[in-house]
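Structural description and commentary
Listed below, chain by chain, are the residues.
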Amino acid sequence: MFKSDFKFYKRKCPPPDLSDIIDFSQHFENNESDFVIGKTASPKCDQMVSKYMGLKPIDEWRIYELTNKPGLLFIPNPFTALGQRYWVCRCMRDFTCKPQKLNIDPHGYLKEGEKWWEICTKDPERGRTLLQKLRWATLGYHHNWDTKVYSEDAHDLFPEDLAELCELVAKAVGFHNFSAQAAIVNYYHLDSTLSGHTDHSEIDKDAPLFSFSFGQSAIFLLGGKSVEEKPIAMLICSGDIVIMSGQSRLCYHGVPRILATDKAPWNDLIIEKQNRSDVCEKVFECADSTLWKPFESYLRTSRINMNVRQVLKPGVTSLVQQSE
């Protein structure tokens with residue numbers, strides 16, 4: 001059933017019927033049959049949010065949980081426009097630099113000391129190729145795509161700001177012990193897909209998985225523990241957060257289609273209400289139109305997804321200690 005629905009939404013001709021896709025950007029009532037407002041954000045996080053980079057006040061967040069997929073939480077865009085810009089800049093300009101690992105590393109597209117984003121913006125001929133070739137970057141514990149195993153030998157410091165973002169969102173939905181230790185940043189184009197799979201490489205499979213999306217929209221399929229179960233189709237828009245926890249943590253999921261959209265929430269800047277005291281200086285810098293222009297050009301035909309996990313069980317500091 002999962003493969004059948006994946007092919008249905010992936011097909012180009014004729015295009016699929018999208019009427020059954022859940023769109024969380026709409027406001028839903030508690031009596032809906034397929035989903036409910038499952039959780040409210042913890043008010044204790046309000047002070048953290050007000051000081052944090054690029055998030056709306058916590059009383060403006062809406063949090064949904066699927067009734068037939070317990071543990072699947074969906075937060076429709078809690079980011080301000082500047083917040084979206086900040087994380088897009090981080091994903092493209094910073095998370096593509098060493099010590100992060102990129103899918104293009106083994107192919108010699110970058111010379112020693114070169115940075116992907118600098119080449120993309122300063123060398124048009126090489127940049128056109130590099131923009132298309134980059135598919136993923138790994139942070140913290142680097143996922144090994146061949147063995148599906150994490151290693152202490154492939155481990156770098158996890159970005160502090162991304163860890164803080166995940167901790168804040170985790171506490172807002174009731175997970176008070178989450179520690180961000182590994183991430184995969186996916187770079188999608190309009191013809192990209194992500195085949196159905198489960199995320200089971202982490203030792204602590206009870207810890208939730210956090211997914212942050214920016215740019216073009218996507219159809220997200222969430223199935224069950226078996227590919228025989230029919231998946232639920234959801235629309236993911238720029239700024240949306242998906243949290244897979246509980247029973248949904250080990251369910252099959254995938255992205256059969258990227259959907260072009262005219263919406264650009266990263267441009268909804270209200271500078272007069274976005275005082276420098278409300279966000280960190282690096283976030284405020286993203287209001288600069290010159291700095292932002294190449295990033296926006298990329299987003300017109302692309303989607304970025306930050307997928308963050310906890311690898312180790314609570315209280316454990318390394319894979320070596322975990323195995324002892």
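Scroll up to find the structure this text is about.
Below you will find a few notes about this structure. (Residues numbered from 1 in each chain as written. Predicted model: local features only at pLDDT ≥ 70, side-chain atom pairs only at ≥ 80, totals over all residues. Heavy atoms only, no water.)

Some details on the overall build of the protein chain
For clarity, the threshold we go by: Only DSSP runs of H or I reaching four residues or more are called helices, and only runs of E reaching two or more are called strands; each is numbered from the N terminus. Throughout this description, buried means an accessible area under 20% of the type-specific maximum (1.4 Å probe, protein chains only), exposed means over 50%, and partly exposed covers the range between. By definition in these notes, contact holds between two residues if any of their heavy atoms fall within 4.5 Å. The Shrake-Rupley method, run with a 1.4 Å probe, gives the accessible areas here. Residue values count only the displayed protein chains as cover.
On a plain count of helices and strands, the protein chain comes out with 9 helices and 14 strands. Taking all 324 residues of the protein chain together, the buried fraction comes to 51%. By sequence separation, contacts in the protein chain at least 24 residues apart represent 78% of the contacts at least 6 residues apart. Of the roughly 15700 Å² that the protein chain leaves accessible, carbon and sulfur atoms contribute 49%.

Considerations on the packing of aromatic side chains
Counted only if it meets this: Note on ring pairs: Phe, Tyr and Trp rings are taken, using the six-membered ring of Trp, and paired if centres are within 6.5 Å. Classes follow the plane angle, with under 30 degrees stacked, over 60 edge-to-face and the rest tilted.
All chains considered together, the criterion is met by 15 aromatic pairs. Consider the rings of Phe-2 and Phe-6, whose centres lie 6.4 Å apart with planes at 25°: the pair is stacked. With Phe-2 and Phe-6 both in helix H1 (residues 2-10) and 4 residues apart, this pair spans about one turn of that helix. You can call Phe-2 buried: its relative accessible area is 3%. Centre to centre, the rings of Phe-24 and Tyr-64 are 5.3 Å apart; their planes meet at 40°, and the pair counts as tilted.

What to know about the nonpolar core
Here is the rule: To form a nonpolar core, buried Ala, Val, Leu, Ile, Met, Phe, Trp, Tyr and Cys residues must be joined to one another through side-chain atoms within 4.5 Å.
Judged by nonpolar contacts, the single largest core of 57 residues is most densely connected at Leu-162, Phe-212, Met-306 and Val-308. Ignoring any residue separated from it by four or fewer positions in sequence, one finds Leu-162 in contact with Trp-87, Phe-95, Leu-139, Ala-183, Met-306 and Val-308. Core analysis: the second largest hydrophobic core is formed by 19 residues, Leu-72, Ala-218, Val-242 and Val-255 among them.

Thoughts on the pattern of salt bridges
Rules: A carboxyl oxygen of Asp or Glu within 4 Å of a side-chain nitrogen of Lys or Arg is what we treat as a salt bridge.
Evaluation of the coordinates by the stated rule reveals 11 salt bridges. Here Asp-161 makes a salt bridge to Arg-90, at a shortest N to O gap of 2.8 Å. Taken together, the positions of Asp-161 in helix H6 (residues 160-172) and Arg-90 in helix H3 (residues 81-94) put the pair 71 residues apart, joining distant regions of the chain. The exposure classification of Asp-161 matches that of Arg-90, with both residues buried. One connected set of salt bridges, linked through shared partners, spans Arg-90, Arg-93, Asp-94 and Asp-161.

A closer look at the sheet that holds strand E11 (residues 232-236)
Counted only if it meets this: Strands were regarded as paired on the criterion that DSSP finds at least two bridges between them. Lines fitted to C-alpha atoms define the axes, with helix axes restricted to the stretch in contact, and inter-axis angles between N-to-C directions lie between 0 and 180 degrees.
With mixed pairing, the 5 strands of this open sheet are ordered in space as E1-E11-E10-E13-E8. The two strands at the open ends of the sheet, each matched to only one other strand, are strand E1 (22-23) and strand E8 (194-197). Where strand E10 (residues 217-222) meets strand E13 (residues 253-259), 5 bridges bridge the pair, whose relative direction is antiparallel. Considered in E13, the bridge of Leu-221 is made with Gly-254. Here H1 sits on the sheet and contacts E8, E10, E11 and E13; the angle it forms with E13, its principal contact strand, is near 10°.

Examining the side chain of Lys-69
Rules: In the analysis that follows, any N or O atom pair within 3.5 Å is treated as a polar contact, provided that within protein one partner can donate a hydrogen and the other can accept it, and provided that, for residues neighboring in sequence, both atoms belong to side chains.
Tracing the chain through its elements places Lys-69 in the loop between strand E3 (64-66) and strand E4 (72-75). The class for Lys-69 is buried, based on a relative accessible area of 10%. A polar side-chain atom of Lys-69 sits 2.8 Å from the main-chain carbonyl oxygen of Gly-223. In this structure Lys-69 touches Leu-222, Gly-223, Gly-224, Glu-229, Ile-232 and Ser-248, once residues within four positions along its chain are discounted.

Overview of unusual backbone geometry
The omega torsion across Cys-13 and Pro-14 is -5°, close enough to zero to call that bond cis. Along the polypeptide, Pro-14 turns up in the loop between H1 and E1. A cis amide bond links Lys-98 to the next residue, Pro-99, at an omega of 15°. Here Pro-99 shows up in the loop between H3 and strand E5 (101-102). Even without glycine at this site, Lys-148 takes up a positive phi of about 60°.

Describing the packing of H3 against H6
The following threshold applies: When describing relative orientation, an angle under 35 degrees is termed roughly parallel and one over 145 degrees roughly antiparallel, while 65 to 115 degrees is termed roughly perpendicular and anything else oblique. The sense of a crossing depends on the near helix, which, turned anticlockwise from the far helix by less than a right angle, makes the crossing left-handed and, turned clockwise, makes it right-handed. Residue type decides the class: Asp, Glu, Lys and Arg count as charged, Ala, Val, Leu, Ile, Met, Phe, Trp, Tyr, Cys and Pro as nonpolar, and the leftover types, Gly among them, as polar.
The geometry of H3 relative to H6 is characterised by a closest axis approach of 12 Å and an angle of 135° between their N-to-C directions. What the angle tells us is that H3 and H6 run oblique. At the point where H3 passes H6, the crossing takes the left-handed sense. Contact with H3, carried on its side by Tyr-86, Trp-87 and Arg-90, involves Asp-161, Leu-162 and Leu-165 of H6 and no other residues of that element. The residue makeup of the contact of H3 with H6, split by class, is 4 nonpolar, no polar and 2 charged.

Details of the pairing of E4
Both faces of E4 are covered, namely the face carrying Leu-72 and Phe-74 and the face carrying Leu-73 and Ile-75. Pairing of E4 with strand E12 (residues 241-244) involves 4 bridges; the strand directions are antiparallel. Across the sheet, Phe-74 pairs through a bridge with Val-242, a residue of E12.

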